[in-house]
Amino acid sequence: QVQLVESGGGLVQPGGSLRLSCAASGSIFSINDMAWHRQAPGKQRELVALITSAGSTNYVDSVKGRFTIFRDSAKKVASLQMNSLKPEDTAVYYCYMEIKTSSVSITYRWGQGTQVTVSS
């Protein structure tokens, strides 16, 4: 059974930083895209950042220049470094991975979610 476990959320003041991590475990052949999404109260879940297996990245406009997504494919870990945090970044953050369980099988997994609150 493939699963993702997130860590690193919490309460931070505006302008502060946090780093989220997401570790995959189970029967994993390789991992394609790794991504972070977030969902604020009363809003739809949105894609925040994505990194492909080749290392290409994509960010939602609101976090460009402030957030950086990393991946360690050998350790099966995705991380999100969040700097210059703003109150509007407050949300539950979810890790997402496209995981190949064999050369021909793929599965999609979400992390359990971790709360990020930016407030003074």
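Now for a look at the structure at hand.

Details of the pattern of salt bridges
Any two side chains of opposite charge can pair, so long as their charged atoms come close to each other.
Argument step 1. Applying the stated criterion across every chain yields a total of 4 salt bridges.
Argument step 2. Here Glu46 ties to Arg38 by a salt bridge, and the two come within 2.7 Å at their closest N and O atoms.
Argument step 3. Linking Asp61 and Lys64 is a salt bridge whose minimum nitrogen-to-oxygen distance equals 2.9 Å.
Argument step 4. When its relative accessible area of 47% is taken as the criterion, Lys64 is described as partly exposed.
Argument step 5. Connected via shared salt-bridge partners are Arg38, Glu46, Arg66 and Asp89.

As for the state of the cysteines
Argument step 1. On inspection of all chains with the given rule, the structure shows 1 disulfide.
Argument step 2. Linked covalently through their sulfurs, Cys22 and Cys95 form a disulfide whose S-S length is 2.2 Å. Judged by the sign of its S-S torsion, about -85 degrees, the cystine formed by Cys22 and Cys95 is left-handed. Within this pair, whereas Cys22 is found in strand β3 (residues 18-25), its partner Cys95 is found in strand β9 (residues 91-100), the two being separated by 73 residues in sequence. We note that Cys22, like Cys95, is buried.

A word on the sheet that holds strand β7 (residues 67-72)
Argument step 1. In space, the 4 strands of this open sheet follow the order β1-β3-β8-β7, with antiparallel pairing throughout. The open sheet is flanked by β1 (3-7) and β7, the only strands paired with a single partner. Geometrically, the sheet is characterised by an average inter-axis angle of 15 degrees between neighbouring strands, direction not taken into account.

Some words on the pairing of β1
Argument step 1. Because side chains alternate across β1, one face comprises the buried residues Leu4 and Glu6, and the other comprises Gln3, Val5 and Ser7, none of which is buried.
Argument step 2. Of the strand pairs in this sheet, β1 and β3 are connected by 5 bridges, and their pairing is antiparallel. Paired with Ser7 across the strands is Ser21, a residue of β3.

Procedures and definitions
Think of each chain on its own: its residues are numbered from 1, step by step along the sequence as written. Totals for whole chains, interfaces and linings use all residues, but because this is a predicted model, local features are given only for residues with pLDDT of at least 70 and pairs of side-chain atoms are given and counted only at 80 or more. In computing side-chain values, all of the structure's heavy atoms are included and hydrogens and water are not. What counts as a salt bridge is simple: a side-chain nitrogen of Lys or Arg found within 4 Å of a carboxyl oxygen of Asp or Glu. Note on exposure labels: buried denotes an accessible area under 20% of the residue type's maximum, exposed denotes more than 50%, and partly exposed covers the range between, all computed with a 1.4 Å probe on protein chains only. Criterion for a disulfide: a pair of cysteine sulfur atoms within 2.5 Å. Runs of H or I in DSSP of at least four residues are treated as helices and runs of E of at least two as strands, each being numbered from the N terminus. At least two DSSP bridges between two strands are required for those strands to pair. Here an angle of 0 to 180 degrees is reported between the N-to-C directions of two axes, which are lines fitted to C-alpha atoms, with helices fitted over the stretch in contact.

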